[in-house]
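So you can see what is in the structure, the chains are spelled out below.
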Amino acid sequence: MIAGAIPLAEIWRGPIAESVHLGHAVIARDDGTLEDAFGAPETMVLPRSSAKMIQALPLVASGAADAAGLSSRHLALACASHEGAPLHVEAVGDWLEARRLSEADLRCGAQPPRDRALKHEMIRAGGTPDQRHNNCSGKHAGFLTLMQHLGAGAEYHEADHPVQVAAREAFETVTDRTSPFYGIDGCSAPNFATTVAAMGRAMAWFATAHGRSDPLSQAAARLVQAMIAHPMEVAGEGRACTLLMQAATEPVALKTGAEGFFIAILPERGLGVALKAADGATRAAECAVAALLVRLGALDSRHPDVVRFLNPEIRNFRGVVTGQIRPADGLFA
(Lines give C-alpha, C1' and ligand atoms only; values in the text may rest on other atoms or scores of the structure.)
Protein backbone atom coordinates (compact mmCIF):
# COMPACT_ATOMS: atom_id res chain seq x y z
CA MET A 1 0.00 0.00 0.00
CA ILE A 2 2.90 2.38 0.73
CA ALA A 3 4.96 1.41 -2.33
CA GLY A 4 4.93 4.31 -4.81
CA ALA A 5 2.68 6.46 -2.60
CA ILE A 6 3.14 10.23 -2.68
CA PRO A 7 2.18 12.98 -0.22
CA LEU A 8 -1.53 13.78 -0.36
CA ALA A 9 -1.93 15.95 2.74
CA GLU A 10 0.40 17.60 5.23
CA ILE A 11 -0.14 18.55 8.87
CA TRP A 12 1.55 21.86 9.63
CA ARG A 13 2.49 23.14 13.08
CA GLY A 14 4.48 26.34 13.20
CA PRO A 15 6.95 26.50 10.30
CA ILE A 16 7.15 22.76 9.53
CA ALA A 17 5.08 19.94 8.10
CA GLU A 18 4.90 17.86 11.28
CA SER A 19 3.20 14.88 9.61
CA VAL A 20 2.50 13.75 6.06
CA HIS A 21 -0.24 11.44 4.75
CA LEU A 22 0.79 9.42 1.68
CA GLY A 23 -1.48 7.85 -0.87
CA HIS A 24 -2.60 7.32 -4.44
CA ALA A 25 -5.10 9.15 -6.65
CA VAL A 26 -6.35 9.27 -10.23
CA ILE A 27 -8.50 11.45 -12.43
CA ALA A 28 -9.80 9.09 -15.10
CA ARG A 29 -11.89 8.81 -18.26
CA ASP A 30 -14.33 5.99 -18.95
CA ASP A 31 -11.99 4.32 -21.47
CA GLY A 32 -9.48 3.84 -18.65
CA THR A 33 -7.09 6.61 -19.70
CA LEU A 34 -5.83 8.75 -16.85
CA GLU A 35 -5.98 12.53 -17.07
CA ASP A 36 -3.76 12.68 -14.00
CA ALA A 37 -2.24 10.11 -11.69
CA PHE A 38 -0.56 10.45 -8.32
CA GLY A 39 1.38 7.71 -6.62
CA ALA A 40 0.90 4.17 -7.92
CA PRO A 41 -2.47 3.87 -9.71
CA GLU A 42 -2.27 0.09 -9.97
CA THR A 43 -2.22 -0.33 -6.19
CA MET A 44 -4.77 -2.95 -5.16
CA VAL A 45 -7.40 -1.55 -2.80
CA LEU A 46 -10.72 -2.25 -1.12
CA PRO A 47 -12.89 0.77 -2.00
CA ARG A 48 -15.19 0.17 0.95
CA SER A 49 -18.27 2.43 0.99
CA SER A 50 -17.02 4.38 -2.02
CA ALA A 51 -18.37 1.45 -4.05
CA LYS A 52 -21.96 1.72 -2.81
CA MET A 53 -23.32 3.17 -6.04
CA ILE A 54 -21.84 0.14 -7.82
CA GLN A 55 -23.47 -2.23 -5.33
CA ALA A 56 -26.79 -0.46 -5.97
CA LEU A 57 -26.65 -0.96 -9.75
CA PRO A 58 -28.47 -4.35 -9.77
CA LEU A 59 -31.27 -2.88 -7.64
CA VAL A 60 -32.09 -0.44 -10.42
CA ALA A 61 -31.00 -2.33 -13.56
CA SER A 62 -33.02 -5.44 -12.58
CA GLY A 63 -36.25 -3.48 -12.38
CA ALA A 64 -36.52 -4.12 -8.62
CA ALA A 65 -36.41 -0.42 -7.72
CA ASP A 66 -39.24 0.47 -10.08
CA ALA A 67 -41.30 -2.57 -9.09
CA ALA A 68 -41.00 -1.47 -5.45
CA GLY A 69 -41.87 2.14 -6.30
CA LEU A 70 -38.58 3.53 -4.99
CA SER A 71 -38.02 7.26 -5.31
CA SER A 72 -34.77 9.10 -6.05
CA ARG A 73 -34.47 9.66 -2.30
CA HIS A 74 -34.49 5.89 -1.77
CA LEU A 75 -31.79 5.50 -4.41
CA ALA A 76 -29.64 8.13 -2.67
CA LEU A 77 -30.03 6.19 0.59
CA ALA A 78 -28.98 3.00 -1.20
CA CYS A 79 -25.68 4.77 -1.99
CA ALA A 80 -25.34 6.40 1.43
CA SER A 81 -23.03 6.22 4.41
CA HIS A 82 -25.45 8.22 6.51
CA GLU A 83 -25.02 9.50 10.06
CA GLY A 84 -28.04 7.76 11.56
CA ALA A 85 -30.00 10.98 11.98
CA PRO A 86 -33.80 10.79 12.36
CA LEU A 87 -34.27 11.65 8.67
CA HIS A 88 -32.17 8.61 7.71
CA VAL A 89 -33.53 6.19 10.30
CA GLU A 90 -37.16 7.07 9.61
CA ALA A 91 -36.70 6.86 5.84
CA VAL A 92 -35.11 3.41 6.08
CA GLY A 93 -37.79 2.28 8.52
CA ASP A 94 -40.56 3.45 6.18
CA TRP A 95 -38.83 1.73 3.26
CA LEU A 96 -38.70 -1.57 5.13
CA GLU A 97 -42.30 -1.27 6.29
CA ALA A 98 -43.48 -0.62 2.73
CA ARG A 99 -41.73 -3.84 1.68
CA ARG A 100 -43.35 -5.73 4.61
CA LEU A 101 -39.92 -6.13 6.15
CA SER A 102 -38.55 -5.17 9.55
CA GLU A 103 -35.32 -4.03 11.14
CA ALA A 104 -34.62 -7.67 12.04
CA ASP A 105 -34.36 -8.53 8.32
CA LEU A 106 -31.28 -6.32 7.97
CA ARG A 107 -27.86 -7.92 8.24
CA CYS A 108 -25.73 -4.78 8.72
CA GLY A 109 -25.58 -4.77 12.54
CA ALA A 110 -26.55 -2.08 15.04
CA GLN A 111 -24.46 1.08 15.15
CA PRO A 112 -24.79 4.24 17.27
CA PRO A 113 -25.47 7.46 15.33
CA ARG A 114 -22.23 8.85 13.88
CA ASP A 115 -23.21 12.37 14.85
CA ARG A 116 -21.96 13.04 18.40
CA ALA A 117 -24.93 15.21 19.41
CA LEU A 118 -27.40 12.59 18.17
CA LYS A 119 -25.54 9.84 19.98
CA HIS A 120 -25.55 11.79 23.25
CA GLU A 121 -29.24 12.59 22.82
CA MET A 122 -30.00 8.89 22.42
CA ILE A 123 -27.98 8.04 25.55
CA ARG A 124 -29.78 10.69 27.61
CA ALA A 125 -33.15 9.39 26.43
CA GLY A 126 -32.20 5.82 27.30
CA GLY A 127 -32.50 4.77 23.67
CA THR A 128 -30.69 1.89 22.04
CA PRO A 129 -29.39 2.02 18.45
CA ASP A 130 -30.56 -0.66 16.08
CA GLN A 131 -29.65 -1.68 12.55
CA ARG A 132 -31.55 1.23 10.98
CA HIS A 133 -28.97 3.54 12.58
CA ASN A 134 -26.15 1.72 10.79
CA ASN A 135 -24.60 4.00 8.18
CA CYS A 136 -25.12 1.25 5.59
CA SER A 137 -28.80 0.58 6.35
CA GLY A 138 -29.95 2.22 3.11
CA LYS A 139 -27.64 -0.01 1.08
CA HIS A 140 -28.99 -3.03 2.94
CA ALA A 141 -32.59 -1.95 2.40
CA GLY A 142 -31.68 -1.94 -1.29
CA PHE A 143 -30.18 -5.42 -1.00
CA LEU A 144 -33.38 -6.65 0.66
CA THR A 145 -35.53 -5.10 -2.08
CA LEU A 146 -33.45 -6.87 -4.73
CA MET A 147 -33.59 -10.08 -2.70
CA GLN A 148 -37.40 -9.98 -2.75
CA HIS A 149 -37.44 -9.21 -6.48
CA LEU A 150 -35.21 -12.22 -7.17
CA GLY A 151 -37.13 -14.50 -4.80
CA ALA A 152 -33.85 -15.36 -3.10
CA GLY A 153 -33.01 -16.40 0.46
CA ALA A 154 -32.78 -14.19 3.53
CA GLU A 155 -28.99 -14.21 3.96
CA TYR A 156 -28.48 -11.67 1.18
CA HIS A 157 -25.09 -10.54 2.55
CA GLU A 158 -23.33 -13.83 1.83
CA ALA A 159 -20.88 -13.77 -1.07
CA ASP A 160 -22.58 -16.59 -3.00
CA HIS A 161 -26.07 -15.11 -2.64
CA PRO A 162 -27.67 -13.94 -5.92
CA VAL A 163 -27.69 -10.34 -4.63
CA GLN A 164 -23.92 -10.34 -4.08
CA VAL A 165 -23.24 -12.29 -7.27
CA ALA A 166 -25.07 -9.52 -9.15
CA ALA A 167 -23.12 -6.87 -7.23
CA ARG A 168 -19.82 -8.53 -8.17
CA GLU A 169 -20.81 -8.78 -11.84
CA ALA A 170 -21.67 -5.06 -11.85
CA PHE A 171 -18.41 -4.23 -10.09
CA GLU A 172 -16.32 -6.11 -12.61
CA THR A 173 -18.24 -4.55 -15.52
CA VAL A 174 -17.73 -0.94 -14.45
CA THR A 175 -14.11 -1.37 -13.35
CA ASP A 176 -13.38 -3.42 -16.49
CA ARG A 177 -11.32 -5.78 -14.32
CA THR A 178 -11.82 -9.17 -12.72
CA SER A 179 -11.82 -8.65 -8.98
CA PRO A 180 -9.15 -10.94 -7.51
CA PHE A 181 -10.66 -11.18 -4.03
CA TYR A 182 -13.01 -9.56 -1.56
CA GLY A 183 -12.98 -8.53 2.08
CA ILE A 184 -15.94 -8.42 4.46
CA ASP A 185 -17.00 -4.84 5.06
CA GLY A 186 -18.05 -3.33 8.38
CA CYS A 187 -21.68 -4.00 7.45
CA SER A 188 -20.95 -7.70 6.72
CA ALA A 189 -21.34 -7.46 2.91
CA PRO A 190 -18.51 -8.45 0.56
CA ASN A 191 -16.32 -5.57 -0.62
CA PHE A 192 -14.63 -6.38 -3.89
CA ALA A 193 -11.01 -5.48 -4.55
CA THR A 194 -9.64 -3.62 -7.54
CA THR A 195 -7.01 -0.97 -8.31
CA VAL A 196 -7.19 2.77 -7.70
CA ALA A 197 -7.05 3.29 -11.48
CA ALA A 198 -9.93 0.86 -12.05
CA MET A 199 -12.07 2.66 -9.48
CA GLY A 200 -11.32 5.93 -11.26
CA ARG A 201 -12.41 4.34 -14.52
CA ALA A 202 -15.60 3.09 -12.85
CA MET A 203 -16.46 6.56 -11.59
CA ALA A 204 -15.88 8.00 -15.07
CA TRP A 205 -18.17 5.26 -16.42
CA PHE A 206 -20.83 6.55 -14.02
CA ALA A 207 -20.08 10.12 -15.12
CA THR A 208 -20.80 9.29 -18.76
CA ALA A 209 -23.68 6.87 -18.13
CA HIS A 210 -26.35 9.46 -19.02
CA GLY A 211 -25.15 9.30 -22.63
CA ARG A 212 -25.75 5.55 -23.03
CA SER A 213 -29.01 3.60 -23.38
CA ASP A 214 -28.21 0.15 -21.99
CA PRO A 215 -29.98 -0.80 -18.73
CA LEU A 216 -26.86 -0.78 -16.55
CA SER A 217 -25.84 2.68 -17.75
CA GLN A 218 -29.35 4.04 -17.31
CA ALA A 219 -29.34 2.64 -13.77
CA ALA A 220 -26.01 4.36 -13.10
CA ALA A 221 -27.32 7.68 -14.42
CA ARG A 222 -30.32 7.49 -12.09
CA LEU A 223 -28.10 6.75 -9.09
CA VAL A 224 -25.78 9.68 -9.86
CA GLN A 225 -28.77 12.00 -10.26
CA ALA A 226 -30.21 10.76 -6.96
CA MET A 227 -26.97 11.38 -5.06
CA ILE A 228 -26.65 14.90 -6.45
CA ALA A 229 -30.31 15.68 -5.74
CA HIS A 230 -30.19 14.37 -2.14
CA PRO A 231 -26.82 15.19 -0.56
CA MET A 232 -28.23 15.09 2.98
CA GLU A 233 -29.39 11.51 2.48
CA VAL A 234 -25.95 10.48 1.16
CA ALA A 235 -24.16 11.54 4.36
CA GLY A 236 -25.65 14.21 6.62
CA GLU A 237 -25.09 17.33 8.66
CA GLY A 238 -21.48 18.49 8.65
CA ARG A 239 -20.21 15.56 6.56
CA ALA A 240 -17.72 16.06 3.73
CA CYS A 241 -19.80 14.30 1.04
CA THR A 242 -22.85 16.44 1.76
CA LEU A 243 -21.10 19.79 2.22
CA LEU A 244 -18.81 19.47 -0.79
CA MET A 245 -21.66 18.38 -3.08
CA GLN A 246 -23.65 21.39 -1.91
CA ALA A 247 -20.65 23.71 -2.41
CA ALA A 248 -19.74 22.44 -5.88
CA THR A 249 -19.95 24.85 -8.81
CA GLU A 250 -21.30 22.06 -11.02
CA PRO A 251 -23.10 18.75 -10.41
CA VAL A 252 -20.75 16.38 -8.59
CA ALA A 253 -21.49 13.12 -6.79
CA LEU A 254 -19.13 12.42 -3.89
CA LYS A 255 -18.75 9.36 -1.71
CA THR A 256 -16.38 8.55 1.10
CA GLY A 257 -15.22 5.10 2.08
CA ALA A 258 -13.64 3.74 5.24
CA GLU A 259 -9.87 3.65 5.63
CA GLY A 260 -9.18 6.81 3.66
CA PHE A 261 -10.99 6.15 0.37
CA PHE A 262 -12.89 8.80 -1.61
CA ILE A 263 -14.46 9.06 -5.06
CA ALA A 264 -15.99 11.81 -7.15
CA ILE A 265 -18.20 11.62 -10.26
CA LEU A 266 -18.29 14.66 -12.57
CA PRO A 267 -21.05 14.16 -15.20
CA GLU A 268 -20.48 17.44 -17.06
CA ARG A 269 -16.82 16.54 -17.65
CA GLY A 270 -17.13 12.77 -18.03
CA LEU A 271 -14.46 12.32 -15.37
CA GLY A 272 -14.07 10.11 -12.33
CA VAL A 273 -11.80 10.61 -9.33
CA ALA A 274 -10.61 7.90 -6.95
CA LEU A 275 -8.09 8.18 -4.15
CA LYS A 276 -6.77 6.20 -1.22
CA ALA A 277 -4.85 7.52 1.78
CA ALA A 278 -2.34 4.77 2.50
CA ASP A 279 -2.64 5.14 6.27
CA GLY A 280 -6.45 5.12 6.15
CA ALA A 281 -6.80 8.69 7.43
CA THR A 282 -10.17 10.28 6.72
CA ARG A 283 -8.74 13.79 7.13
CA ALA A 284 -6.21 13.10 4.39
CA ALA A 285 -8.81 11.71 1.98
CA GLU A 286 -11.18 14.64 2.56
CA CYS A 287 -8.38 17.16 2.06
CA ALA A 288 -7.12 15.43 -1.09
CA VAL A 289 -10.50 15.06 -2.78
CA ALA A 290 -11.26 18.73 -2.09
CA ALA A 291 -7.88 19.66 -3.61
CA LEU A 292 -8.46 17.61 -6.75
CA LEU A 293 -11.92 19.12 -7.25
CA VAL A 294 -10.43 22.60 -6.81
CA ARG A 295 -7.80 21.62 -9.37
CA LEU A 296 -10.58 20.66 -11.80
CA GLY A 297 -12.53 23.86 -11.13
CA ALA A 298 -15.50 22.04 -9.58
CA LEU A 299 -14.94 23.63 -6.16
CA ASP A 300 -14.02 27.19 -5.19
CA SER A 301 -11.14 27.08 -2.70
CA ARG A 302 -12.56 30.18 -0.95
CA HIS A 303 -15.95 28.64 -0.14
CA PRO A 304 -16.14 28.15 3.65
CA ASP A 305 -17.34 24.56 3.35
CA VAL A 306 -14.46 23.80 1.00
CA VAL A 307 -11.96 25.45 3.35
CA ARG A 308 -13.38 23.25 6.12
CA PHE A 309 -11.83 20.19 4.43
CA LEU A 310 -9.15 21.68 2.17
CA ASN A 311 -7.38 23.78 4.82
CA PRO A 312 -8.94 23.01 8.20
CA GLU A 313 -7.42 24.63 11.25
CA ILE A 314 -6.11 22.48 14.08
CA ARG A 315 -6.92 23.83 17.53
CA ASN A 316 -5.74 22.79 20.97
CA PHE A 317 -7.90 22.26 24.06
CA ARG A 318 -7.98 26.01 24.73
CA GLY A 319 -9.24 26.73 21.24
CA VAL A 320 -5.92 28.17 20.10
CA VAL A 321 -5.04 27.57 16.45
CA THR A 322 -1.91 25.43 16.50
CA GLY A 323 -1.69 24.28 12.92
CA GLN A 324 -3.43 23.46 9.68
CA ILE A 325 -4.06 20.57 7.32
CA ARG A 326 -2.94 21.34 3.78
CA PRO A 327 -3.05 19.40 0.51
CA ALA A 328 0.36 18.47 -0.84
CA ASP A 329 1.60 20.92 -3.46
CA GLY A 330 1.47 18.41 -6.30
CA LEU A 331 -2.32 18.08 -6.15
CA PHE A 332 -2.73 21.71 -7.25
CA ALA A 333 0.01 21.81 -9.93
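Predicted model only: the values in this text are computed from it and were never measured.

(A) Representation of the pairing of strand β8 (residues 253-257) in the model. With five of five residues buried, β8 lies mostly within the body of the structure. Judged by which residues are buried, β8 turns out to be covered on both faces: Ala 253, Lys 255 and Gly 257 on one side and Leu 254 and Thr 256 on the other are all buried. Pairing between β8 and strand β9 (residues 261-266): five bridges, direction antiparallel. Residue pairing in the sheet places Leu 254 in a bridge with Ala 264 of β9. Linkage of β8 to β9, two consecutive antiparallel strands, is achieved through a turn of three residues, within which Glu 259 is found at a positive phi near 60°.

(B) Highlighting the side chain of His 24. Within the secondary structure, His 24 is located in strand β2 (residues 16-28). The class for His 24 is buried, based on a relative accessible area of 0%. Polar side-chain contacts of His 24 include one of 3.0 Å to the backbone nitrogen of Ala 40.

(C) Layout of the pattern of salt bridges. Counted by the stated rule, this structure contains 14 salt bridges. We note a salt bridge from Glu 18 to Arg 13, for which the minimum N-O separation is 2.9 Å. The exposure class assigned to Glu 18 is partly exposed, which follows from its relative accessible area of 43%. Given a relative accessible area of 41%, Arg 13 falls into the partly exposed group.

(D) Focus on the environment of Asp 279. Looking at where Asp 279 falls in the secondary structure, it is placed in the loop between β10 (271-277) and α13 (282-296). Note: C-alpha distance between Asp 279 and Glu 259 (20 residues apart in sequence) is 7.4 Å. Dropping the residues within four chain positions of it, Asp 279 is found in contact with His 21 and Leu 22. Separated by 2.6 Å, the side chains of Asp 279 and His 21 make a polar contact.

(E) Local environment of a nonpolar patch on the surface. Together, Met 44, Leu 46 and Phe 181 make up an exposed nonpolar region whose accessible area comes to about 240 Å². Of note, Phe 181 is situated in the loop between α8 (162-175) and β5 (182-184). The partly exposed category is assigned to Phe 181, whose relative accessible area is 40%.

(F) How the structure looks around unusual backbone geometry. Residue Arg 48 is not a glycine yet carries a positive backbone phi of 55°. Relative to the helices and strands, Arg 48 resides in the loop between β4 (44-45) and α1 (52-55).

(G) Structural detail: the state of the cysteines. Scanning the entire structure with this criterion turns up zero disulfides. With no disulfide of its own, Cys 136 lies 3.9 Å from the sulfur of Cys 187, the closest cysteine sulfur. Look at Cys 136 and you get buried, because its relative accessible area is 5%. Unpaired in this structure, Cys 287 has its nearest cysteine sulfur neighbour in Cys 241, at a distance of 15 Å. Residue classification places Cys 287 among the buried positions, given a relative accessible area of 0%.

(H) Summary view of the environment of Ser 301. If you trace the backbone, Ser 301 turns up in the loop between α13 and α14 (304-310). Here the alpha-carbon distance between Ser 301 and Cys 108, two residues 193 residues apart in the chain, equals 37 Å. With near-sequence residues (within four places) excluded, Ser 301 lies in contact with Val 294, Val 306, Val 307 and Leu 310.

(I) How the structure looks around the nonpolar core. If you look at the biggest cluster of nonpolar residues, it comprises 96 residues, and the most contacted ones within it are Ile 54, Leu 57, Phe 206 and Leu 293. With nine residues, the top contributor of residues to this core is α13. Contact partners of Leu 57, with chain neighbours within four places excluded, come to Ala 170, Val 174, Trp 205, Phe 206, Leu 216, Ala 219, Ala 220 and Leu 223. Judged by nonpolar contacts, the second largest core, of eight residues, contains Ala 9, Ala 277, Cys 287 and Ile 314.

(J) Quick look at the packing of aromatic side chains. Inspection of the entire model under this criterion finds four aromatic pairs. Considering the side-chain rings of Trp 205 and Phe 206, the 5.4 Å spacing of their centres and the 75° angle between planes classify their relative orientation as edge-to-face. A relative accessible area of 8% means that Trp 205 is categorised as buried.

Rules behind the numbers
Residues numbered from 1 in each chain as written. Predicted model: local features only at pLDDT ≥ 70, side-chain atom pairs only at ≥ 80, totals over all residues. Heavy atoms only, no water. Buried < 20%, exposed > 50% of the residue type's maximum accessible area, 1.4 Å probe, protein only. Helix = DSSP H or I, 4+ residues; strand = E, 2+ residues; numbered from the N terminus. Pairing = 2+ DSSP bridges. Polar contact = N/O pair within 3.5 Å; in protein donor to acceptor, adjacent residues only side chain to side chain. Salt bridge = Lys/Arg side-chain N within 4 Å of Asp/Glu carboxyl O. Contact = heavy atoms within 4.5 Å. Patch = residues over 30% accessible without salt bridge, like charges linked within 9 Å, V, L, I, M, F, W, Y side chains within 5 Å. Areas by Shrake-Rupley, 256 points an atom, 1.4 Å probe, with all protein chains shown as cover. Disulfide = S-S within 2.5 Å. Core = buried A, V, L, I, M, F, W, Y, C linked by side-chain atoms within 4.5 Å. Phe/Tyr/Trp six-rings, centres within 6.5 Å; stacked < 30°, edge-to-face > 60°.

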